[in-house]
Amino acid sequence: MQVIYKFALAALLSCSSADAARPAPFDLARIDLADVLACKIDGGHYLGFAVSISDSGSPGSAKTRGWVKLPTQSLMFSSYRLPKPLGVFGYTTSTVAFTGSAMFAVLDLQNPTALGVAQGVTNILEGSGQFMGERLVDESTRVDKETGFGFKNRSALQIATNSAFPGKTLIGCSYDGKLQFPAL
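Residues numbered from 1 in each chain as written. Predicted model: local features only at pLDDT ≥ 70, side-chain atom pairs only at ≥ 80, totals over all residues. Heavy atoms only, no water.

## With respect to the overall build of the protein
Phase 1 of the analysis: Summing up its helical and strand segments, the protein has 5 helices and 7 strands in all.
Phase 2 of the analysis: In sequence order, the secondary structure elements of the protein are arranged as α-α-α-α-β-β-β-β-α-β-β-β.
Phase 3 of the analysis: Relative to its 184 residues, the protein shows a buried fraction of 43%.
Phase 4 of the analysis: Expressed as a percentage of contacts within the protein between residues at least 6 apart in sequence, the contacts between residues at least 24 apart total 54%.
Phase 5 of the analysis: Looking at the protein as shown, the accessible area adds up to about 10,300 Å², and 57% of this sits on carbon and sulfur atoms. (Helix = DSSP H or I, 4+ residues; strand = E, 2+ residues; numbered from the N terminus. Buried < 20%, exposed > 50% of the residue type's maximum accessible area, 1.4 Å probe, protein only. Contact = heavy atoms within 4.5 Å. Areas by Shrake-Rupley, 256 points an atom, 1.4 Å probe, with all protein chains shown as cover.)

Put into structure tokens, the structure is as follows:
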């Protein structure tokens, strides 16, 4: 099973970076967190990054990065304190949170309305005292010409408030990717 998992991950990473001029290999250990949060990587790279965070043996793991896992009030999130503050979207934070398909900066910001306007994100819960909204950043499909594997990517910048983080605002990127197998 682990061999199949590693093959699928390799396929995702290879097709997520396939284009006419092949860039340098993607290094999970050196990923820029601000790029992840701003939807500047694709879904295949995000998947590799997210898996590396939870794998203590990975050079990109939370432990290797010096992140400290924080207790959470929600089964939906895993949260980490960073070893040094991170500047993102004009704010500074020392906390990031993950869901199954997204990474968020946790900002000390009670009302994200101005942030939403600045980022082009509309609150779909207007008038409720809560904030939730997203802006589509990328929807594309890339196919690796050598292997035939494809990767369908959808990434969206999201801003939200959540009861698991009272008085805070979450901003980051949701990555939805699907591996497409070669045609037979």
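## Topic: unusual backbone geometry
Phase 1 of the analysis: Its identity is not glycine, yet Cys39 carries a phi of approximately 65 degrees, on the positive side.
Phase 2 of the analysis: Even without a glycine there, the phi angle at Phe89 is positive, about 55 degrees.
Phase 3 of the analysis: Along the polypeptide, Phe89 turns up in the loop between β2 (78-88) and β3 (91-98).

## A closer look at the nonpolar core
Phase 1 of the analysis: Counting 31 residues, the largest nonpolar core has Val36, Tyr46, Phe49, Trp67, Phe98, Met103 and Ile171 as the members making the most contacts within it.
Phase 2 of the analysis: Of all elements in the fold, only α2 (33-37), α3 (43-54), β2, β3, β4 (102-107), β6 (150-160) and β7 (169-180) reach the threshold of two or more residues within this core.
Phase 3 of the analysis: In terms of residues, this core owes the most to one element, β2, which gives 4 residues. (Core = buried A, V, L, I, M, F, W, Y, C linked by side-chain atoms within 4.5 Å.)

## Examining the environment of Thr64
Phase 1 of the analysis: For Thr64, the location among the structural elements is in helix α4 (residues 62-65).
Phase 2 of the analysis: Between the alpha carbons of Thr64 and Ile53 there is a distance of 8.8 Å; along the sequence they are 11 residues apart.
Phase 3 of the analysis: Leave out the neighbours within four places in its chain, and Thr64 touches Ser58 and Pro59.
Phase 4 of the analysis: A polar side-chain atom of Thr64 sits 2.8 Å from a polar atom in the side chain of Ser61. (Polar contact = N/O pair within 3.5 Å; in protein donor to acceptor, adjacent residues only side chain to side chain.)

## A short note on the pattern of salt bridges
Phase 1 of the analysis: Enumeration over the complete set of coordinates arrives at 4 salt bridges.
Phase 2 of the analysis: Note that Lys168 is salt-bridged to Asp108, the shortest N-O span being 2.1 Å. A residue pair is termed long-range when its members are at least 10 positions apart, and Lys168 in the loop between β6 and β7 and Asp108 in the loop between β4 and α5 (113-119) qualify at 60 residues.
Phase 3 of the analysis: A relative accessible area of 62% means that Asp108 is categorised as exposed.
Phase 4 of the analysis: With a closest N to O distance of 2.9 Å, Arg154 and Glu134 form a salt bridge. Here Arg154, found in strand β6, pairs with Glu134, found in strand β5 (residues 132-143); they are 20 residues apart in sequence, far enough to count as distant.
Phase 5 of the analysis: In this structure Arg154 comes out as partly exposed when scored by relative accessible area, which is 27%.
Phase 6 of the analysis: On the basis of relative accessibility, which here comes to 36%, the residue Glu134 falls in the partly exposed class. (Salt bridge = Lys/Arg side-chain N within 4 Å of Asp/Glu carboxyl O.)

## What about the side chain of Ser174?
Phase 1 of the analysis: Inspection of the secondary structure assignment puts Ser174 in strand β7.
Phase 2 of the analysis: The residues touching Ser174, leaving out its near neighbours within four places in the chain, are Ser101, Ala102, Arg154, Ser155, Ala156 and Gln158.

## Here we look at the packing of aromatic side chains
In this description, a pair of aromatic rings is defined by centroid distance and the angle of the planes.
Phase 1 of the analysis: Applying the stated criterion across every chain, the model contains 9 aromatic pairs.
Phase 2 of the analysis: The interplanar angle of 10 degrees and the centroid separation of 4.5 Å between the aromatic rings of Tyr46 and Tyr175 together place this pair among those described as stacked. Within this pair, whereas Tyr46 is found in helix α3, its partner Tyr175 is found in strand β7, the two being separated by 129 residues in sequence.
Phase 3 of the analysis: Each member of the aromatic cluster is reached from another via a ring pair, and the members are Tyr46, Phe49, Trp67, Tyr80, Phe98 and Tyr175. (Phe/Tyr/Trp six-rings, centres within 6.5 Å; stacked < 30°, edge-to-face > 60°.)

## Re the pairing of β4
Phase 1 of the analysis: Within β4, 6 of the 6 residues are buried, leaving the element largely enclosed by the surrounding structure.
Phase 2 of the analysis: By the alternation rule, side chains of β4 split into Ala102, Phe104 and Val106 and Met103, Ala105 and Leu107, which are all buried.
Phase 3 of the analysis: Joining the antiparallel neighbours β3 and β4 is a turn of 3 residues.
Phase 4 of the analysis: In this sheet, β7 lies alongside β4 in antiparallel orientation, the contact comprising 6 bridges. (Pairing = 2+ DSSP bridges.)

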